Amino acid sequence: MSNYMISIPGNEAPKDGTIHDPHTKLKVKAFDLVKSRFIPSKGEVRYFVTSTNEKLAFETKGYKKHRKLLILQMIAQYCIYLGLIEAQIHSSWPL
């Protein structure tokens, strides 16, 4: 797994950060679904993460046919950063 950069603005919660891949320039934005409002953008790829007490959405920014595996690796590293070891990644919102 590559190293990705994680940026979290000072006024936001750690769960509302952005993951950056320095090689492909792909960005994936994280949204805390408990505290933030998530409105999907057209043409972007999104995934959802559930854990014991967490519900997160991830959406690409500037998606240009990147490999889906790259996006999943970025999300997995972000979940590890947050300590969500048992997180499950879903391609659609789980019911």
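Quick note: structure is the one above.
Residues numbered from 1 in each chain as written. Predicted model: local features only at pLDDT ≥ 70, side-chain atom pairs only at ≥ 80, totals over all residues. Heavy atoms only, no water.

> Looking at this structure, how should I read the side chain of Ser51?
Along the chain, Ser51 falls in the loop between strand S4 (46-50) and strand S5 (55-61). A residue is classified by how much of its surface remains accessible, and Ser51, at 18% relative accessible area, is buried. If we skip the residues at most four places from it in the chain, Ser51 touches Leu84, Glu86 and Ala87. (Helix = DSSP H or I, 4+ residues; strand = E, 2+ residues; numbered from the N terminus. Buried < 20%, exposed > 50% of the residue type's maximum accessible area, 1.4 Å probe, protein only. Contact = heavy atoms within 4.5 Å.)

> Looking at this structure, I do not really get the nonpolar core. What am I missing?
Of all hydrophobic cores here, the largest spans 17 residues; its most connected members are Ile19, Val28, Phe58, Ile71, Met74 and Ile75. Residue assignment for this core shows that the elements contributing at least two residues are strand S3 (27-32), S4, S5 and helix H1 (68-82). Considering each element in turn, this core owes the most residues, 6 residues, to H1. (Core = buried A, V, L, I, M, F, W, Y, C linked by side-chain atoms within 4.5 Å.)

> Explanation requested: H1 in the structure shown.
Residue pairs spaced three or four apart in an α-helix point in one direction, given the helix's 3.6 residues per turn. Over its 15 residues, H1 extends 21 Å from the first C-alpha to the last, a length consistent with the 21 Å expected when each residue adds 1.5 Å. For H1, the complete set of buried residues consists of Leu70, Ile71, Met74, Ile75, Gln77, Tyr78 and Cys79. In this structure, the buried residues of H1 make contact with strand S1 (5-7), strand S2 (18-20), S3, S4, S5 and strand S6 (88-90). Directly after H1, the chain includes Gly83, whose backbone phi takes a positive value near 85°. (Expected span 1.5 Å × (residues − 1).)

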